[in-house]
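One letter stands for each residue in the lines below.
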Amino acid sequence: MMQNDRIIVTFLGTGTSIGVPVIACNCQVCKSEDARDKRLRTSALLQVGGRNIVIDCGPDFRIQMLNNQIEDIDAIVFTHGHRDHIAGLDDIRAFNYVLNKRVSIFGNREVMGAIKTEFPYIFEETHYLGAPKLDVHVIENIPFEIYGIDFKPVEVLHNKLSVMGYRIGDFTYITDASFISDGEIEKIKGSKVLVLNALRNSRHISHFSLSEAVGMIEQIGPEKAYLTHVSHFLGCHSDVESKLPSHIRLAYDNLRIEI
């Protein structure tokens, strides 16, 4: 990535694994008419160096592509193998068919194992005609490139599961974290913009709470931070954001920022 390349980030989804509103829930958040309180499963689009790179493709991937009029992607980078982050992979068939192209995917061995379990027909030796066409790239916790764009993994813990966040230039994206080691924090420091998960107000075994996320952001010290992977337990968008420091904002679906 050239030093002067700007990064445009679109938050395709900012909700937790069951989304917001939650099926059958009648709480204030789930009944809110504020569009910012309607959250698809967490995902983001990076537009940099003329490329479209998606971070995670959960079960809402198809509608996220349609909502944002995304007609081409170059790669998908996975944070981890939980279903709310991989379940939409079959829908890349549209890019295969319409654009006559394969799509590159990047993730660690655990992620690729989960994908093979979830979508065994993609990897069968006798190729199923309707299966997505992928180029698979297994990564580790060392820097790598996607079409000349530098990605630096940041390994965090989701309870005991290793999850990959990513730093691209001055931008760092982390979701589903409950712990970040001092060594990995050093990789993030100096980022102008940090995205970090904040599930709810009370503590959770595998996600940062709001106060934990704010504390981590203050420790790292980015110019701006956005909170994602939000559940209905956190509260209505307008109420939560009004109580945050000015440099920390609550992300919402279809928000676009530029770094």
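Higher on the page you've got the structure.
Just so we're clear, the structure is a prediction, and the values are computed from it rather than from any experiment.

## What to know about the environment of D150
Turning to step 1, where the next piece is worked out: In this structure, D150 sits in strand β8 (residues 149-158).
Turning to step 2, where the next piece is worked out: Between the C-alpha atoms of D150 and G13, which are 137 residues apart in sequence, the distance is 24 Å.

## Some details on the layout of surface pockets
Turning to step 1, where the next piece is worked out: Each pocket or cavity is described by its volume, and for the largest pocket that value is around 250 Å³.
Turning to step 2, where the next piece is worked out: The wall of the largest pocket is formed by F61, R62, M65, L66, Q69, I70, E71, D91, A94, F95, V98 and L99.
Turning to step 3, where the next piece is worked out: For the lining of the largest pocket, the secondary structure elements donating two or more residues are α1 (61-67) and α3 (93-99).
Turning to step 4, where the next piece is worked out: Its residues assigned to classes, the lining of the largest pocket shows 8 nonpolar, 1 polar and 3 charged.
Turning to step 5, where the next piece is worked out: Within this model, the second largest pocket holds a volume of roughly 190 Å³.
Turning to step 6, where the next piece is worked out: If you trace the second largest pocket, you find 16 residues lining it, with T16, S17, L199, H204 and H207 closest to the centre.
Turning to step 7, where the next piece is worked out: Looking at the lining of the second largest pocket residue by residue, the classes come out as 3 nonpolar, 10 polar and 3 charged.

## Structural notes on the nonpolar core
Turning to step 1, where the next piece is worked out: Of all hydrophobic cores here, the largest spans 27 residues; its most connected members are F151 and F171.
Turning to step 2, where the next piece is worked out: When residues no more than four places from it in sequence are discounted, the contact partners of F171 are I7, V9, L46, Y166, V193, V195 and I259.
Turning to step 3, where the next piece is worked out: Counting residues in each nonpolar core, the second largest holds 26 residues, with V163, A177, I180 and I188 among its members.

About the criteria used
- Residues numbered from 1 in each chain as written.
- Predicted model: local features only at pLDDT ≥ 70, side-chain atom pairs only at ≥ 80, totals over all residues.
- Heavy atoms only, no water.
- Helix = DSSP H or I, 4+ residues; strand = E, 2+ residues; numbered from the N terminus.
- 1 Å grid on protein atoms, 1.4 Å probe; cavity = no way out; pocket = protein on both sides within 12 Å on 5 of 7 lines; lining within 4 Å.
- Points joined across faces, edges and corners; volume = space filled by probe spheres on them.
- Nonpolar A, V, L, I, M, F, W, Y, C, P; charged D, E, K, R; others polar.
- Core = buried A, V, L, I, M, F, W, Y, C linked by side-chain atoms within 4.5 Å.
- Buried < 20%, exposed > 50% of the residue type's maximum accessible area, 1.4 Å probe, protein only.
- Contact = heavy atoms within 4.5 Å.

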